[in-house]
Amino acid sequence: MSKSYVIGFPRIGEQRELKKVLESFWAKKCPFSEVQKVAKELRLRHWSYQKKSHIEYISSNDFSLYDNMLDTAIMLNAIPKRFRDLKDHELYFSMARGDSLRVAMEMTKWFNTNYHYIVPELSLEDEYKLNSSKIINEYKEAKDHGFKTKINLIGPITFLALSKRVDGGDTYELIDKILPIYEELLKEISTLDDQIVIQFDEPIFAKDNETRVLSLLKIVYDKFGSISKNLKIAVITYFDHSNEATKVLVNSLVDYIGLDFLYGKENLKSLDLIANSGKKLIAGVVDGRNIWRNDIQNSIKLLKEISQTIPKEDIIISSSCSLLHTPFSLKYEDKMSSDLKSWLSFAVEKLDEIALISKIFLHDIDSLNESEKRALEDNIKANNSRKNSPKIHNDKIQQKIKNLTKFQRDDKFEDRIKAQRDALKYPILPTTTIGSFPQTKEVRKARAEFKKGSISQEKYEQKMKEYIDDCIAFQEECGLDVLVHGEPERNDMVEYFGEQLNGYGFSQNGWVQSYGSRCVKPPFIYGDISRAKPMTLNWIKYAQSKTKKIVKGMLTGPVTMLNWSFVRDDKPKDEVSKQLAIALSDEIDDLQNGGIKIIQVDEAAFKEGYPLRESKIKSYEKWAIRDFKIATSKAKKETQIHTHMCYSEFNDIIKTIEAMDADVISIETARSGNELLKIFKKVGYKQEIGPGVYDIHSPRVPSVDEIVNQIKLLLEVLPKEQLWINPDCGLKTRKWEEVKPSLKNMTQAVKIVKNS
Ligand code: GLN
Ligand code: ZN
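Scope of this entry: the structure provided in the associated data block. Remember, it's a predicted structure, so these values are computed and weren't measured experimentally.

Procedures and definitions
Residues numbered from 1 in each chain as written. Chains lettered and ligands numbered in written order. Predicted model: local features only at pLDDT ≥ 70, side-chain atom pairs only at ≥ 80, totals over all residues. Heavy atoms only, no water. Helix = DSSP H or I, 4+ residues; strand = E, 2+ residues; numbered from the N terminus. Rg over C-alpha atoms; globule rule 2.2 N^0.38 Å. Buried < 20%, exposed > 50% of the residue type's maximum accessible area, 1.4 Å probe, protein only. Salt bridge = Lys/Arg side-chain N within 4 Å of Asp/Glu carboxyl O. Pairing = 2+ DSSP bridges. Contact = heavy atoms within 4.5 Å. Axes fitted to C-alpha atoms, helices over the stretch in contact; angles between N-to-C directions. Donors = N, O, S within 2.8 Å, 3.2 Å for Na, K, Ca; no water. Tetrahedral: all angles 85-135°; square planar, octahedral: opposite > 155°, others 65-115°. Near = heavy atom within 4 Å. Polar contact = N/O pair within 3.5 Å; in protein donor to acceptor, adjacent residues only side chain to side chain. Areas by Shrake-Rupley, 256 points an atom, 1.4 Å probe, with all protein chains shown as cover. Expected span 1.5 Å × (residues − 1).

## Let's talk about the overall build of the chain
Part 1 of the argument: Of regular secondary structure, the chain possesses 27 helices and 23 strands.
Part 2 of the argument: Computed over its C-alpha atoms, the radius of gyration of the chain comes to 27 Å, within 12% of the 27 Å expected for a compact globule of 756 residues.
Part 3 of the argument: Overall, the chain is about 75 × 60 × 50 Å in size when its C-alpha atoms are taken along their principal axes.
Part 4 of the argument: For the chain, buried positions account for 60% of its 756 residues.

As C-alpha cells, this is what we get:
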C-alpha cells in the first residue's frame, strides 16, 4: 500500500520547452502541429517522472497550452461574443492573447500566488454545451502509454467565483447552466473505465464565503457523487484552511477531501468530522509552492498527529497544492553551492519526498529498501545542515533587530511636508516618472555581457553612465521636475537588490509559470538578510551630478522583496521582512547623506501578499506597515519619501496605505478610471499623491488633450497642492519612440492646466 498523491504538475517543461514552442508558433515560425508534438512529449515525460517516483495518483488534464481556467471556459463553450467566429487553436489563443481585431480576455492573479489565470466572461445568453475533447483525449493518451490517471477539473463553484458576468448580475446565478454540462462530462468519463478519480479543485473555499456559496457545495457534489459508481469524487482546497467547506462536504457524496495542512493548519480542527464521515483524506504535507526540502521527520510527526483521529488507511499523502508553483527540477543547478542545493527541492524532487513519506508513514522505517533508507538519511542530514549552517544565522543581524529602537520617522507628516516643500521647492503639479526608462537592446546586452564576464567592469559602467546621461538629458529637455536615473543596471526590481544582499540565493533554471508562456525566476531567501555595502548609491549620485534638478533615488520595499521571492520557511515571514527593512533603512541613510533628497521605495507587490482569510489580514497589515516604516525610519524631515504601487483598487486598503506614512504615493489609475479616486477624497487622504495620468501598459501615445482632461478630473477630487503628475508605472517595457512623445505631452498638458 503506497498512497501518494500529486495535485498537479508543472507543464512548461524543464527547459521551458512549451514556452519556446508557443512563442515560436505565435511568431509564425512553426506550425501548430509542432506545438502539439512538444505538448505531447511533455505530458508523457511528466507522467513518467511521476510514475518513476511511485506516485500513485497522477493527473491528466493538469496540462494546458495556456491556462486551466481558459480550458474550462472552452469545455463549457463559454465563448465571449467577439471570438465566436473563430475555431480551435485560433479561438483559444485569441481568447488568451487577443488579436488585431479583438481584445484579449482579462487576466488576474490565482489567489495569492504569482500565477495568473484568464478570467472567463460569462453571460446568460451563452450557449453552454460540452466540449470534452481535451479532457477525454488526455486521459486516453495517458492510458495508451500505460499511465492510469485521475482527471483534474476546476470545480464549478470556483470556476464561477473567479469568472465575471458581462451582462450584469452574479456569476453564481449561472450554476444551473453549467452543472448539466459538468454532469454530461462526468457521464462520458464514467464510460471510459471501471474506476476513475475526478479531482475537483475548489480553492475558493480557502477564502471566506457567504452561506449561499457554501450551500452550493452539497447540491453540486451530491449530484456529481451520484452519477456513476465508476467515479470517485475528490474535492480539494489549498492555500488556507477550508473548515466551513469541510463541514458540508463530510455530509455529501464525495469520496475524498483534500486539505492543505501547511498553509491551512486550522484544517486540523476538521479531522474529527472527516473521521466520522468515513471519507478519505488527501493530506497536503509537502509544500507545493515553496522550494525547501521537506523535513521528512517533521512531516511524519504531522501525519501521526492526523492519524490519531483518522485511520491510517484513509490517509493519502500529497503535495499541498499543484506543483505548478515550484520550479521543475534541481537537475540543472550546477552553479549553486552544494549545501544550498541540498536544502532545496523543486517539483521533481518533491515527488520522491511524497513517495518516501508515504512509505514511511504507512509501513514504517523497516520497510524501506536500501536506497530509500539512504534517501531518508540524506534528508535528515540536509535538514540538520540547514538548521545549523552559519550561512543562515547571522548573530550581528539578530542583535541589530533586538536592539532596534527606531521604528519610524521622527516628525509628523504635516511638519515634514512643510519642510520638504521649503527645501525642495518643487512647483504645483510637480511632474515625475516611476523610475525605469526603456530597457534598450544595448542596455540588456551590456548587462548580459558583464554578467558573463565578457566586458570589463569599467566598460560596463561606462555604458550604463551613457544611458543615464541620455536619460537625464531627455528629462531636462522635456521639462520634468523630479528626475530619475532610469534603472538601466536593473534587470528586475527584486533580483537587483537580492543579488547584493547576503541571505539571498539564485537558481539558474528555477522558472515558474506566471501566465501563458511567461515565466519568472524568483530569487530565494535562505538566510538572515544583511547589506554588505551601498546598493544604489553610486548610480544615483552619478545621475544627480549631471543635473541641477532633483534626482529621485529608487529602491524596492521590504514587502515587495518578500512577496516576489521564495521565502525561507524556518522563520516567520514578518521577521524576514523586518531584516529586509533594516537593510533598506541603511541604504536610505546612505542616499540622503550622499545628497539625494527624494527617495522612492517601491511597493509594487504590497497588495499581492494579502492573506486569503479576512481574519489574517490585520496581522499582515500590521507587520507590512511596520516594516515599510522601519525601512524609511532614518529619512530626515526634509528627505521626501515616495512610494509606488501598481494598483488602482485601493478602497479596502486606503487606511493601510496612509498608515505607511510615505510623503508621496504614485499609483495606477489610468486604466481604471477616476471613480476609484473619490475614495481618497472621502477618507480625507492627507499625503501627496500621483495617480498615473496615462497607461504605460499600451504602446499608444496619449494626446495632450487626453492628459489635460485626466488632470482636470483629478483636480475635481484632489486639491492641487496634493497632486503629482506622472505615468502610472515604470517605463522599462516601452520603447523610446513611445516614451518621448508621451512624456512631452504630459509636461505640455501640465503647462496648459496651470495656465487655464
Ligand atoms: N521603479 C520601478 C520601475 O519603474 C517600479 C516598477 C513597478 O512598479 N513594477 O520600473
Ligand atoms: Zn508599477
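On we go from here.
## Quick notes on the pattern of salt bridges
Part 1 of the argument: Here the structure, examined in full by the defined rule, presents 54 salt bridges.
Part 2 of the argument: The partner of glutamate 575 in a salt bridge is lysine 571, with the nearest N and O atoms 3.5 Å apart.
Part 3 of the argument: Residue classification places glutamate 575 among the partly exposed positions, given a relative accessible area of 31%.
Part 4 of the argument: Assessed through its relative accessible area of 14%, lysine 571 is described here as buried.
Part 5 of the argument: What you see here is one network of salt bridges that share partners, running through Arg386, Asp528, Arg568, Asp569, Asp570, Lys571 and Glu575.

## Some points on the sheet that holds strand β19 (residues 566-567)
Within a sheet, neighbouring strands are paired by backbone hydrogen bonds and run either parallel or antiparallel to one another.
Part 1 of the argument: Pairing is mixed across the open sheet formed by three strands, whose spatial order is β14-β17-β19. On the outer flanks of this sheet lie β14 (501-505) and β19, each paired with one strand and no other.
Part 2 of the argument: Across two bridges, strand β17 (residues 524-531) lies against β19 in parallel orientation. Within the sheet, the bridge partner assigned to isoleucine 525 lies in β19 and is valine 567.
Part 3 of the argument: Helix-sheet contacts for helix α22 (residues 573-593) involve β14, β17 and β19, and the interaxial angle to β17 is about 35°.

## Remarks on the coordination of the zinc ion (ligand 2)
Part 1 of the argument: The protein atoms that coordinate the zinc ion (ligand 2) are His644 (NE2), Cys646 (SG) and Cys729 (SG), at distances spanning 2.0 to 2.2 Å.
Part 2 of the argument: Around the zinc ion (ligand 2) sit four donor atoms, and with donor-metal-donor angles ranging over 85 to 123° the site reads as irregular.
Part 3 of the argument: Donor residues for the zinc ion (ligand 2) sit on one chain with the sequence pattern H-x1-C-x82-C.
Part 4 of the argument: Here histidine 644 falls in the buried class, since its relative accessible area comes to 3%.

## Topic: the site of ligand 1
Part 1 of the argument: All residues adjacent to ligand 1 are Ile434, Gly435, Ser436, Glu487, Met493, Met554, Asp602, Ala604, His644, Cys646, Cys729 and Gly730.
Part 2 of the argument: In this structure, serine 436 approaches ligand 1 through a side-chain N or O atom, which is 2.7 Å from an oxygen atom.
Part 3 of the argument: With respect to ligand 1, the side chain of histidine 644 contributes an N or O atom lying 3.0 Å from an oxygen atom.
Part 4 of the argument: Compared with its free state, where it exposes 300 Å², ligand 1 has 89% of that area covered by protein.

## A few points about the sheet that holds strand β22 (residues 664-667)
Part 1 of the argument: If you trace the six strands from one edge of the open sheet to the other, you get β13-β18-β20-β21-β22-β23, paired in parallel fashion. A single partner strand is all that each edge strand has here, and the edge strands are β13 (482-483) and β23 (688-691).

## As for α22
Residues spaced three or four apart along an α-helix point in a common direction, a consequence of the helix completing one turn every 3.6 residues.
Part 1 of the argument: Look at α22: 31 Å from first C-alpha to last across 21 residues, which is about the 30 Å you get at 1.5 Å a residue.
Part 2 of the argument: The element α22 is extensively covered by neighbouring structure, given that 15 of its 21 residues are classed as buried.
Part 3 of the argument: Just downstream of α22 lies glycine 595, where phi reads positive at about 95°.

By themselves, these are just geometric observations and shouldn't be taken as functional.
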